[in-house]
Amino acid sequence: MIPSTWQVLLFLFKRWIVMVPKIFQSSRQKAFKKSETSELQKGLVSQYANERIDAVKRTIAAMTVGKDVSSLFPDVLKNLATRDVTLKKLVYLYLINYAKTHPDLCILAVNTFVKDSEEYNPTVRALAIRTMGCIRVTKIIDYLAYPLRKALKDDHPYVRKTAAVCVVKMFELDPQYCSSNGFISQLQALVTDPNPVVVANAVRSLAEIHDFEPEKGYFNLVYTMTDRLMVALSECNEWGRIAILSALSRFRTSDVKEAEFICERVIPQFQHANSGVVLAAVKVIMTHISLFSEDFKNFLYKKMAPPLLTLLSADPEIQYVALRNINLILQKQPNIFEKGTRVFFCKYNDPLYIKLEKLKIITMLACEENINETLSELRTYVSEVDLEFVKQTIKSLGDVALKVPSIINDCIAVFLEIFEVNISYMVQEVTVVMETLLRQYPKKIRLLLPYLEKVLEELGDPRARASMAWILGEFCDSVRDSTKLLSEMVSTIGQEDLQVQLALLTATVKLNLTLRNGEPEALLRKVFSYSTNVSSNQDLRDRAFMYQRLMTSENIDKAASIVCSQKPTVEHNTNLPKLLLDGLLSEMTTLASVYHRLPESFIGQGKFGADAIQQRAVEELNVEEENAQTSIEKGANVENLLDLDFGGQGTPTSSEAAPSPSLSNNVLDLFMSVDSPAPSNQLSAAGHTRSATEDLLGL
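Residues numbered from 1 in each chain as written. Predicted model: local features only at pLDDT ≥ 70, side-chain atom pairs only at ≥ 80, totals over all residues. Heavy atoms only, no water.

The protein is annotated in an unreviewed UniProt entry as AP complex subunit beta from Schizosaccharomyces cryophilus. Database annotation for the protein, UniProt heading Function (unreviewed entry): "Adaptins are components of the adaptor complexes which link clathrin to receptors in coated vesicles. Clathrin-associated protein complexes are believed to interact with the cytoplasmic tails of membrane proteins, leading to their selection and concentration." As stated in UniProt under Sequence similarities (unreviewed entry), the record for the protein gives "Belongs to the adaptor complexes large subunit family." (UniProt positions renumbered as here; feature names shortened; annotations may be inferred.)

Hey, could you run me through the overall build of the protein in this one?
Tallying secondary structure elements over the protein gives 38 helices and zero strands in all. Taking all 699 residues of the protein together, 44% fall into the buried category. Taking the contacts inside the protein whose residues are at least 6 apart along the sequence as the reference set, 65% of them involve residues at least 24 apart. Surface summary for the protein: the accessible area is close to 36,500 Å², and the carbon and sulfur share equals 52%. (Helix = DSSP H or I, 4+ residues; strand = E, 2+ residues; numbered from the N terminus. Buried < 20%, exposed > 50% of the residue type's maximum accessible area, 1.4 Å probe, protein only. Contact = heavy atoms within 4.5 Å. Areas by Shrake-Rupley, 256 points an atom, 1.4 Å probe, with all protein chains shown as cover.)

Help me understand the pattern of salt bridges, please; the structure alone is not making it clear to me.
Where side chains of opposite charge bring their charged atoms close, a pairing between them can arise. Within the structure shown, the criterion is met by 23 salt bridges. As a salt-bridge pair, Glu208 and Arg204 come within 3.8 Å of each other at their nearest N and O atoms. With Glu208 and Arg204 both in helix 12 (residues 196-212) and four residues apart, this pair spans about one turn of that helix. Between Glu373 and Arg342 there is a salt bridge, with its nearest N and O atoms 2.8 Å apart. Here Glu373, found in helix 20 (residues 371-381), pairs with Arg342, found in the loop between helix 18 (316-332) and helix 19 (352-365); they are 31 residues apart in sequence, far enough to count as distant. With a relative accessible area of 31%, Glu373 lands in the partly exposed category. (Salt bridge = Lys/Arg side-chain N within 4 Å of Asp/Glu carboxyl O.)

Can you walk me through helix 4 (residues 85-101) in this structure?
Every α-helix carries 3.6 residues per turn, so stepping three or four residues along brings you back to the same face. With 17 residues, helix 4 ought to run about 24 Å at 1.5 Å a step, and its terminal C-alpha atoms sit 25 Å apart, in line with that. Taken together, the buried positions of helix 4 are occupied by Leu87, Lys88, Leu90, Val91, Tyr92, Tyr94, Leu95, Ile96, Tyr98 and Ala99. Buried-residue contacts for helix 4 involve helix 2 (49-64), helix 3 (73-78), helix 5 (103-106), helix 6 (110-116) and helix 7 (122-134). (Expected span 1.5 Å × (residues − 1).)

Following this line, the structure appears as C-alpha cells:
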C-alpha cells in the first residue's frame, strides 16, 4: 500500500525534529571544547598561584577522563619553573601521562628536568628522574645519563629507589649503552643498600633486566647476597617483600643447609596479611623442597597448609587464585590437607567459578577416610539450580567412583535416582559418566538395563548420544532390545554429529559380530551405505571402509577378537606431567599458575612479549575504528526514509510503484526548493537513487 502525501510529510517532519539536534551536536561540542580549552589556558597563565594550581588540577581531571589536552602542553610547561612543590607535582603528573604518547613534546622540557634533578628537595629530584625515564625517545639518554648516575648515589633513599627503576627504562631504550656505562653495576651495588625499599626496587629491576637478556647473567643470586635480602625482607612493605621473595625463588643451590636456612627465614612470611606475600613465600618453599628429607618436608607442609586455607576466606578473586595454586600443590603433595576437606565445601553464595574449582579440589582430596563425607556433600550439590555446577558435580561423582572403588554402588544409586527424576540435562550428563564407569565396572550394566529405553528419548546432547551408542554396542548381548534401540538411532544418522555417527558405526559392527543374525546385518549394511556413499566426512568413510575389509567371511573371528576385545581399565588421573608441574610451581604468583600454562605459551618472547601483544591489539582496534569511520563517511548505513509501508500490506514491487513517480520529488520541493528534480524513471535508468536523508540534509 502506497502512503499518502500527508503521512510522508508527517513522518519526515518528526524525523527532522529528531535529527536536527544531532546535526549540530558536533559543532556545539567543538565550540564547547574550544571555550573550555580557552578557559583552562587563561587559568594556566594566571598571575595568581591558586588559579594556576586550580587550572592544572582541572586539566589533569580532563586528562583522566580521556580528553585530549595536549594542546595545553606549552602553558602547563610554564608552571614547571615554580618553587611550589604541589604545583610542580601536578605538572610532572601531566608530563608523565603525555611522555608515552607525545614524547617529542616532553623532550622540549628536558633542560628543566636536568635542573630539577639538582634541587634540594628529594621529591623534586625523584620526580625529575622518573619523568625523564618515562620519555620513550632514544635521544633522552644523553640528557638522562648524568642525572641518573648521580641519583643512584643520592643521599636520600627515595631518590635512589626511583633511580633503580629508571635504570630498567634506560635499558629498554638502549641495552648496550646502559651496560657499557656502568649503570647495571651501580644497580647491582644497590642490593646491599641499607634501606630495604631501595633493596627491593634494585632486586625487582635486576630481575626484569635479567629476563630481557637471560644469557648475560645480570642477576645471578649467590648465597652471600641472601643474608642482606633476608634482613630487608622483614622491613619493607608488601610490594618489596614480594619482589625479594621472587628473587629468593630464583636462587639455586645443591647445598641442603643453605636451602634450609632460606626456607626457615621465609616461614614467618606465612603470617602476613597480604595474600601475595603468602603465595610468594609458598613459591620459595616449593622451589627448594625437593632437596630436603621427608621429615623436613612434612614440617614445611604443615607450616604451609593453614595460611593457604586462610586465603579461602578472602574475596572471591583471591580465592580463585589460591585454589588454582592449591591445585598445583596438591599434585605435588596430595596429603598436605589431610584434615581440611570441609574447608573446600561450596558455600551457597560462592560464585560459579569458585564452586567449579572447589569441586576439582574435593575430587583430588577424596580417599577412604573422607569418602562418606565427600559423597554426602556431592549428593547435595546435585539438587542445585545452576546447570553447569550440577553437570560438573555429576562428573565429579564419576571421578570419585573411579578413584575410590568402594563407593561405586553408592554413586550408581545417585545416578539411578537422577534417571527416576528424569531431568534432561542431568540425564544426559549421567549417561556420559556411565560410559566411563562401565568401562571400569562392566558388571554394573545390569543396574542400568531398566532405564535405557526411557533415557534414550531424553538424549539431545551429542556426547550423551555417542555414549548411549557405545553402551548399546558394548553390551548388546545384555541389553534385550539393543538392536531396536540402535535402529532408532541409525534412522536419524544423517542428522547426527560426527562423534555420534562414529559411535553408531562402531556399535553396529559390535552388534553384528556379537549376535550374528539377519537383523543386525541389515542394520550394518544401512550404516555402511550411509558412511561410504552419502557422508562426505573422510574420517567416517575411512573407518567404514576399514570395517568392511575387516569383516569378510574368512576374517570374521579375527574381527571379533579385535573389535570386541577386552578394554583397558580406566583410572582417574588429572595430574599434569612432572616437568610441566615443576615449571608451574616455579611460576607461582604469576598468571602461569592460574592458567596452568607456561608463560611462553601465552606471552612469547619472555616478559617483554606482552608489550608486542598489547601494541598489536591497539593496532587492530585502530583499524576497526578507521573501517567504521570510512563506512559512515560513505553513507553505508543511511536509512531510506521513504521506503515505508504504513498500511502493513507488504512492500510494493517496482512495477507497482512506477505510477507515482512524483511523490518523493514533491516532498523534496517542499523542504529544499528543488528547481528541477530528475524524473524517477531517469534515476532508475541511471541505476542510482539518492536516499531521502541525503536529499533532505543536502549531504
